[in-house]
Amino acid sequence: MNIQKNYRIEYILFYLFLLIKPFYLKESGTMQAGDVLLVLSVVWWLGGLIARKQWKNWRNHIEGIDILLVAFVLCTAVVNCVGVVRYGDTRFILSSLYLAFCTMAVVVFRAYLKNSSFRSMVYGICTFNVMMQFVLLITGVGRYLFEHRYVGSFNDPNQLGFFLLASMFMMSIFTKAEQKKRPWNILVYLCGLFLIILSKSTGVALGLAIWWLGEGILALYRWGQKERISPGKMLGIGAGLFGVILVLCGIGIFMMRTMQLGDEYNLFVRIGEKFELLWDGGFKSLCASRGIDRMWQYPWNNLFGAGEGAFYRFELSQLVNTEIHSSFLSILFCYGVFPFMLVVIWVYKNIRKVPLELGVIYLAFFAECFVLINYRQPLFWMLFVTGQVSQGTGFRGTGKDAEIREKM
C-alpha cells in the first residue's frame, strides 16, 4: 500500500531529522536531537535490509558513486589518527566522525530519493523550515548573538545563513526538476533574504546574490529568445537593468548609513569592509582574513594533509586557533591531494549532467563554499545528491525502470 511504501519508519525518522535539525539545544559540534533521529533512520533502514535478507546485495542499495565518499572518510581517519598521535588533540577524531555521519546521511538520502512522495515531503519540510525561522523572528523567540547578528534557533549566524540558503536551493532544485509551478516559493525566498540580511553573513549573501543574478540573466535570455530580440539589444537591456540594480542598492546602502536605519553594523557595512580589505590588500589579503593564507605558509600540508585539529600550529596564519573558512580549500589543506580529488570526483559525478538552470544554483553554492566552511553539515553533501534530479539516471525515467525506482 502507499502508506507502507511512502511513509515507512525510516522515512518518518528522516523527516523528523530535517525538522528538528535547525534547533540547537546544545553546543555546536555535539550530538543534537536531530542527529540522533538521522542515526535511527539509518539503523532502521539497515535493519530492514537485513530483515528482508537484502544485505548481501548491498550494491543494489548503496550507489557506487558513494564508495568514493566512504574512501574519503577512511583517508581522513588515517590523517587524523596521525594528528592525534602527534598532538594529542581529540578534535582530529571528532572531525572524521562528523564526516562519517554526513556519509551516512548521503547514503540513505540517495536511497530515499527514489521515492517521489519522499521528494515531495523533503521539499515541503525545506519550505516549512525557512518559514519557521521567520516565525521565530517575528514572535521574538529567535536569538541574537555576536555583533547583534540574528541566529534564530542556531548557535551561530553562519549556521543559520547556510541552512536558509541550502533549504532554498533544495526547494528550487526540486521545483525545477519536477517541472512544477510553485509561485509561493517567491514569498519563502524573500523571507529567507530578510533573515540572511539579519544574520549579516557575507558569504551566504554572496551565494544568494550570484544565484538571483544568474536566475535573472537566464530569465532575460529566455525572454529575448521568445521575442526574437537581437543579442546586441539584449546585452544593452541587461547592462541597463544591472546598472539600475546597482544604483538602487547604492541608494539603499547610503540611506541606511546616513540615516542610521536599523543596526549601524549591518550586512551592508560588513560587505563594505570586505571591499575595503580587497582594495587595500588585494585578493591575497582577503584570503588571509579567511585563514586561507596557511595554504601558502605551510604548503606541504596541501600534499599530505595537516589533519583537522590542533590549529594552534599555524601561528603564521592571520587566523590562529581556528579552521580555514573555506569548504573545499579546507578539505585540501587538512587531508591532502588524494582525498581532495576523491571529493572533487564525487561532486563532479553528482552534478555533471545538470541543466544550465540548475548549474546556476551550484555556481552560487561554490561561491558560498569558497568563503565559508560547511562540509560538516549533512545538507552540504545532500545538495550535491539532489543534482541527480535532472539526470536520466536520477528521478526521471519512463517505463519499467521508473516503476522499479518508485517501488524501492
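Residues numbered from 1 in each chain as written. Predicted model: local features only at pLDDT ≥ 70, side-chain atom pairs only at ≥ 80, totals over all residues. Heavy atoms only, no water.

(A) Up close: the overall build of the protein. Along the backbone of the protein there are 18 helices and two strands. Counting across all 408 residues of the protein, residues that qualify as buried make up 49%. Of the contacts formed within the protein by residues at least 6 apart in sequence, a portion of 72% connects residues at least 24 apart. Entry remark: accessible area of the protein is about 20,300 Å², with carbon and sulfur atoms responsible for 69%. (Helix = DSSP H or I, 4+ residues; strand = E, 2+ residues; numbered from the N terminus. Buried < 20%, exposed > 50% of the residue type's maximum accessible area, 1.4 Å probe, protein only. Contact = heavy atoms within 4.5 Å. Areas by Shrake-Rupley, 256 points an atom, 1.4 Å probe, with all protein chains shown as cover.)

(B) The arrangement of a nonpolar patch on the surface in detail. A cluster of nonpolar side chains, namely Ile 9, Ile 12, Leu 16, Ile 20, Phe 23, Leu 25 and Trp 44, defines an oily patch on the protein surface of about 630 Å² accessible area. Along the polypeptide, Ile 20 turns up in helix 2 (residues 9-20). For Ile 20, a relative accessible area of 31% corresponds to the partly exposed category. (Patch = residues over 30% accessible without salt bridge, like charges linked within 9 Å, V, L, I, M, F, W, Y side chains within 5 Å. Salt bridge = Lys/Arg side-chain N within 4 Å of Asp/Glu carboxyl O.)

(C) Structural context of helix 7 (residues 157-177). Between its terminal C-alpha atoms helix 7 stretches 30 Å, which fits the 30 Å expected from 21 residues at 1.5 Å a residue. Two or three places before Asn 158, at the start of helix 7, stands the capping residue Asp 156, its side-chain oxygen 2.7 Å from that residue's backbone nitrogen. Just downstream of helix 7 lies Gln 179, where phi reads positive at about 55 degrees. (Expected span 1.5 Å × (residues − 1). Polar contact = N/O pair within 3.5 Å; in protein donor to acceptor, adjacent residues only side chain to side chain.)

(D) Inspection of the nonpolar core at higher detail. Counting 101 residues, the largest nonpolar core has Phe 14, Phe 72, Trp 346 and Trp 381 as the members making the most contacts within it. The element that contributes the greatest number of residues to this core is helix 7, accounting for twelve residues. What Trp 346 contacts, discounting residues up to four positions off in sequence, is Ile 65, Asp 66, Leu 68, Leu 69, Val 106, Arg 110, Trp 381, Phe 384 and Val 385. (Core = buried A, V, L, I, M, F, W, Y, C linked by side-chain atoms within 4.5 Å.)

(E) Seen up close, the packing of aromatic side chains. The full count for this structure, using the stated rule, is 36 aromatic pairs. Summarising the aromatic geometry, the rings of Tyr 298 and Phe 314 are spaced 5.2 Å apart at their centres and angled 70 degrees between planes, so their arrangement reads as edge-to-face. Within this pair, whereas Tyr 298 is found in the loop between helix 12 (294-297) and helix 13 (301-304), its partner Phe 314 is found in the loop between helix 13 and helix 14 (327-335), the two being separated by 16 residues in sequence. For Tyr 298, a relative accessible area of 10% translates into the label buried. Here Arg 182 stacks its cationic end above the ring of Tyr 123, 3.7 Å away from the centre of that ring. (Phe/Tyr/Trp six-rings, centres within 6.5 Å; stacked < 30°, edge-to-face > 60°. Lys NZ or Arg CZ within 6 Å of the ring centre and 35° of its normal.)

(F) Quick peek at the confidence of the model for the protein. Overall, the prediction assigns the protein a mean pLDDT of 84, with 87% of residues at 70 or greater. Across residues 396-408, confidence stays below pLDDT 50; counting only partners more than four residues off in sequence or on other chains, it has 24 contacts. (pLDDT = per-residue confidence, 0-100.)

(G) Representation of the pattern of salt bridges within the structure. Applying the stated criterion across every chain, the model contains eleven salt bridges. Here Lys 21 ties to Asp 35 by a salt bridge, and the two come within 2.8 Å at their closest N and O atoms. One end of the pair, Lys 21, is in the loop between helix 2 and helix 3 (33-51); the other, Asp 35, is in helix 3, with 14 residues separating them in the sequence. Classification of Lys 21 as buried rests on a relative accessible area of 12%. Asp 35 sits in the buried class, given a relative accessible area of 5%.

(H) Region of the structure containing unusual backbone geometry. Despite not being glycine, Lys 200 shows a phi value in the positive range, around 60 degrees. Positioned with a positive phi, Asn 321 is a non-glycine residue whose angle comes to about 65 degrees. In this fold, Asn 321 is placed in the loop between helix 13 and helix 14.

(I) Highlighting the pairing of strand 2 (residues 149-152). Covered by surrounding structure in strand 2 are Arg 149 and Val 151 together with Tyr 150 and Gly 152, the residues of both alternating faces. Sheet topology places strand 1 (residues 143-145) next to strand 2; three bridges connect them, and they run antiparallel. Residue Leu 145 lies in a different strand from strand 2, and its bridge partner there is Arg 149. (Pairing = 2+ DSSP bridges.)

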